[in-house]
Amino acid sequence: LVRDSTRTRARGYAIDDEESRVGLVCLGCPVLDASGNALGGVAVALEKLRWKTLDQKAIRLAIMEFARLMSRQLGHADSARVSLDVRPRPAAAAS
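Predicted model only: the values in this text are computed from it and were never measured. (Residues numbered from 1 in each chain as written. Predicted model: local features only at pLDDT ≥ 70, side-chain atom pairs only at ≥ 80, totals over all residues. Heavy atoms only, no water.)

A. Inspection of the overall build of the protein at higher detail. The helix and strand tally for the protein stands at three helices and three strands. N-terminal to C-terminal, the α/β element order of the protein is α-β-β-β-α-α. The buried share of the protein, reckoned over its 95 residues, is 28%. Considering only contacts in the protein between residues 6 or more positions apart, those separated by 24 or more positions represent 50%. Accessible surface, the protein: about 6,500 Å² in total, of which carbon and sulfur atoms supply 57%. (Helix = DSSP H or I, 4+ residues; strand = E, 2+ residues; numbered from the N terminus. Buried < 20%, exposed > 50% of the residue type's maximum accessible area, 1.4 Å probe, protein only. Contact = heavy atoms within 4.5 Å. Areas by Shrake-Rupley, 256 points an atom, 1.4 Å probe, with all protein chains shown as cover.)

Laid out in structure tokens, this is it:
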């Protein structure tokens, strides 16, 4: 699980290749707020037989770009890759 989480963060998207349901492939990216906290996500689910016939790279890039654009609308700093680190951030100290 830790190894898969590391790979997921490095590539910029999560993938479920028939792990939750036989015959189904899912890809997703988080949507982040200005603080970098995940508020939700963008995902696509396809039948594996259909997935094999499509331009998989284009689908991955489209999901990542859409999540990045939504995150930017929520104030997240624009970056080349949306982070998948969805752990809660510590609250800022009161001044």
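B. Representation of the packing of aromatic side chains within the structure. Under the defined criterion, the tally for this structure stands at zero aromatic pairs. The aromatic ring of Tyr 13 is capped on one face by Arg 11, whose charged end is 5.1 Å from the ring centroid. (Phe/Tyr/Trp six-rings, centres within 6.5 Å; stacked < 30°, edge-to-face > 60°. Lys NZ or Arg CZ within 6 Å of the ring centre and 35° of its normal.)

C. View of the nonpolar core. Residues Tyr 13, Val 25, Leu 27, Cys 29, Val 31, Val 42, Leu 46, Trp 51, Ile 59, Ile 63, Met 64 and Ala 67 constitute the largest nonpolar core, which totals 12 residues. Contributing elements (two or more residues each) for this core: strand 2 (24-32), strand 3 (38-47) and helix 3 (56-73). (Core = buried A, V, L, I, M, F, W, Y, C linked by side-chain atoms within 4.5 Å.)

D. Geometry of the sheet that holds strand 3. Strand order in this open sheet of three strands is 1-2-3, and the pairing throughout is antiparallel. Among the strands making up the open sheet, the edge pair consists of strand 1 (14-17) and strand 3. Strand-to-strand twist of the sheet, defined as the mean angle between neighbouring strand axes without regard to direction, takes the value 20°. Across four bridges, strand 1 lies against strand 2 in antiparallel orientation. (Pairing = 2+ DSSP bridges. Axes fitted to C-alpha atoms, helices over the stretch in contact; angles between N-to-C directions.)

E. Spotlight on the environment of Leu 74. Along the chain, Leu 74 falls in the segment after helix 3. Look at Leu 74 and you get partly exposed, because its relative accessible area is 41%. Note: C-alpha distance between Leu 74 and Leu 32 (42 residues apart in sequence) is 7.1 Å. Setting aside residues no more than four positions away along its own chain, Leu 74 makes contact with Val 31, Leu 32, Asp 33, Ala 34 and Leu 39.

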